[in-house]
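Residue-level listing of the chains:
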Amino acid sequence: MAAPVERKEYPISMRLPEADVAMIDRAASLRGRSRTDFVREAAVRAAEEVVMEQGLIRMSPEGFADFLGVLSLPVAPVPEMVELVRRPAPWEVDYEPKQ
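The following paragraphs examine the structure supplied in this document. (Residues numbered from 1 in each chain as written. Predicted model: local features only at pLDDT ≥ 70, side-chain atom pairs only at ≥ 80, totals over all residues. Heavy atoms only, no water.)

A look at a nonpolar patch on the surface
Rules: Here, patches come from residues exposed beyond 30% relative accessible area and free of salt bridges, joined within 9 Å for like charges and within 5 Å for nonpolar side chains (Val, Leu, Ile, Met, Phe, Trp, Tyr). To be clear on the numbers: accessible area is Shrake-Rupley with a 1.4 Å probe, and residue cover counts the displayed protein chains and nothing else. Throughout this description, the term salt bridge denotes a Lys or Arg side-chain nitrogen within 4 Å of a carboxyl oxygen of Asp or Glu. A run of H or I in DSSP becomes a helix once it reaches four residues, and a run of E becomes a strand once it reaches two; helices and strands are each numbered from the N terminus.
A contiguous nonpolar surface patch, about 630 Å² in accessible area, is contributed by Ile57, Met59, Phe64, Phe67, Leu68 and Leu71. Residue position: leucine 71 is located in helix α3 (residues 61–72).

Observations regarding the pattern of salt bridges
If you walk through the whole model with that rule in mind, you get five salt bridges. Among the salt bridges present, the one from aspartate 25 reaches arginine 35, with a minimum N-O distance of 2.6 Å. Taken together, the residues aspartate 25 in helix α1 (residues 18–31) and arginine 35 in helix α2 (residues 35–53) connect sequence positions 10 residues apart. Within this structure, Arg33, Glu41 and Arg45 form a network of salt bridges that share partners.

Describing α1
Worth spelling out the cut-off: Expected helix span is taken as 1.5 Å per residue step, with the number of steps being one fewer than the number of residues. For every residue, the accessible area (1.4 Å probe, protein chains only) is compared with the maximum for its type, and the residue is labelled buried under 20%, exposed over 50%, or partly exposed between those bounds.
With 14 residues, α1 ought to run about 20 Å at 1.5 Å a step, and its terminal C-alpha atoms sit 20 Å apart, in line with that. Summarising burial for α1: one of the 14 residues are buried, a small minority. Downstream of α1 by a residue or two, glycine 32 has a phi angle that is positive, lying close to 70°.

Details of the environment of arginine 7
For arginine 7, the position within the fold is in the segment before α1. The exposure class of arginine 7 is exposed, given its relative accessible area of 52%. Along the primary structure arginine 7 and alanine 28 are separated by 21 residues, whereas in three dimensions their C-alpha atoms are 27 Å apart.

Note that every value here comes from positions in space, so none of it alone points to a role or purpose.
The following block contains the structure:
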């Protein structure tokens, strides 16, 4: 008798409103993906974000003191960021696209 094969994939079933399915199908089509691939990728990405948010960062007391020391240093302006913040936004009257 053959040994049972361990399952590698597991089905997930959801009930969704028609509008949600239409939005998912539209987005999947824009990405050139199937609905299943699109939903699987989005769900895994969201799950990874949640898991990463909950991750602990462990460090020695000395390392933590060094970290706090770096955070306490005075900030230095980044010229490119200063210029970007001073530029008018695209919806503002004085906006001119950068060439």
